[in-house]
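# Notes for the structure review
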Amino acid sequence: MLNNYLDISPEVRAALDAGKPVVALESTIISHGMPYPQNVETALNVEQLVRDSGAVPATIAVIKGRLKAGLSRDEIDYLGKTGHDIPKASRRDLPVLVAQGRDGACTVTTTMIIASLAGISVFATGGIGGVHRGAETTMDISADLEELARTPVMVICAGAKSILDLGLTLEYLETHGVPVIGYGTEELPAFYTRKSGFGVDYRLDTPEELAKAFHVQQALGLGGGMLVTNPIPEEYSMDPAVINGAITRAVEEAKQQGIHGKETTPFLLAKIKDLTGGDSLDSNIQLVYNNARLAARTAVALRALEKG
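What follows is about the nonpolar core. Membership of the largest hydrophobic core comes to 101 residues, with the highest contact counts inside it found for Val23, Ile120, Ile128 and Leu227. Ranked by residue count, the leading element in this core is helix 13 (residues 279-306), at twelve residues. With near-sequence residues (within four places) excluded, valine 23 lies in contact with Val50, Ala55, Val56, Pro57, Ala58, Ile120, Val122, Ala124, Ala295, Ala296 and Ala299.

See below:
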């Protein structure tokens, strides 16, 4: 029944059938993350980095009602050119978008869902969503956290976006039993910066250690995913005072303008980009590249484990 809705690209299908490592990649960074043609160039660069590191990339989106695991260059270009006119698709959106034959740019949540349906276990992204500042009154909590608790995919990111309440985000993940791993660090990275002041659950230092932890999690039947937080490379890390000042201003403007729900994150990221003169976008691109390399090496290690 599922094949009625899921399309796996020939390259990804061949890799899965041959037991080769595959890495899932999201598509909101293409449609909502940056302007055309930089968005397409970045997406293609990320795919190439995954290939260069020994795995096959599977960029994921919804196109004309089809769940896509692996996109062609033309499809990536289509997402880049169409941009914000493509809705961001979370779990709640998939049934209607598919039923109506519409497009959707996949967030962390829907990338995890489609990756899992296709049999892909490792996913590289920039940063996850989380508990928004002021959520104790707004209840604004990203669906990414619930998905991490239920869907068996390892998500490799640069931490939760620093526009969020990082402490509450960690508490939420703990409540739902999601392991938060620091790659080479005991401190949660904060997307644009390497430090947040919050600890992770465990520090692991090699792709092989990451792969083994995830392999055991699934073998034990514990369910759910695993969050790996990989700090942005030192040379691209931003000055905490600069980025935190920009975030504070952006959050205040969002309040004043009544921005809420799924419009919040795109608004804040665009405002922060403006306030930092584009430096935040440069950092964003570099941390995605860094995560793609680690995800590919981890997928290679995981396949080796699975083959026994």
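Counted by the stated rule, this structure contains one aromatic pair. A cation over an aromatic ring shows up here: lysine 64 above the ring of tyrosine 78, its NZ or CZ 4.9 Å from the ring centre.

As a further point, take the side chain of threonine 28. Mapped onto the fold, threonine 28 is located in helix 2 (residues 28-31). For threonine 28, a relative accessible area of 11% puts it in the buried group. The residues contacting threonine 28, other than those within four sequence positions of it, are Gly33, Lys88, Ala105, Cys106 and Thr107.

The next point concerns the pairing of strand 11 (residues 226-229). The side-chain alternation of strand 11 yields two buried faces, one formed by Met226 and Val228 and the other by Leu227 and Thr229. Here four bridges tie strand 8 (residues 154-157) to strand 11, and the two strands are oriented parallel to one another. Bridge pairing in strand 11 places isoleucine 156 opposite valine 228. As judged from the three bridges shared by strand 9 (residues 180-183) and strand 11, these two strands associate in the parallel manner. Looking at strand 11, one finds that glycine 182 is bridged to threonine 229.

What follows concerns the pattern of salt bridges. Under the counting rule described, the total for this entry stands at 14 salt bridges. Residue lysine 81 is joined to aspartate 77 by a salt bridge in which the shortest nitrogen-to-oxygen separation is 3.2 Å. Remark: aspartate 77 and lysine 81 occur in helix 4 (residues 73-82); sequence separation between them is four residues, near one turn of the helix. With relative accessibility at 55%, the residue lysine 81 sits in the exposed group.

By the burial criterion, the buried members of helix 8 (residues 143-150) are Asp144, Leu145, Glu147 and Leu148. Considered in projection along helix 8, the buried side chains sweep an arc of 160° and stay on one side of the axis.

Sheet topology note: the strand 1 (residues 6-8)/strand 4 (residues 66-69) ladder contains three bridges and is parallel. Opposite isoleucine 8, over in strand 4, you have alanine 69 as the bridge partner. Judged from the four bridges that link them, strand 3 (residues 56-63) and strand 4 form a sheet pairing that is antiparallel. When the sheet's bridge partners are listed, alanine 61 is paired in strand 4 with lysine 68. Connecting strand 3 to the antiparallel partner strand 4 that follows it, the hairpin turn spans two residues, and lysine 64 within it adopts a positive phi of roughly 50°.

Analysis parameters
Residues numbered from 1 in each chain as written. Predicted model: local features only at pLDDT ≥ 70, side-chain atom pairs only at ≥ 80, totals over all residues. Heavy atoms only, no water. Core = buried A, V, L, I, M, F, W, Y, C linked by side-chain atoms within 4.5 Å. Buried < 20%, exposed > 50% of the residue type's maximum accessible area, 1.4 Å probe, protein only. Helix = DSSP H or I, 4+ residues; strand = E, 2+ residues; numbered from the N terminus. Contact = heavy atoms within 4.5 Å. Phe/Tyr/Trp six-rings, centres within 6.5 Å; stacked < 30°, edge-to-face > 60°. Lys NZ or Arg CZ within 6 Å of the ring centre and 35° of its normal. Pairing = 2+ DSSP bridges. Salt bridge = Lys/Arg side-chain N within 4 Å of Asp/Glu carboxyl O. Arc of directions from axis to C-beta.

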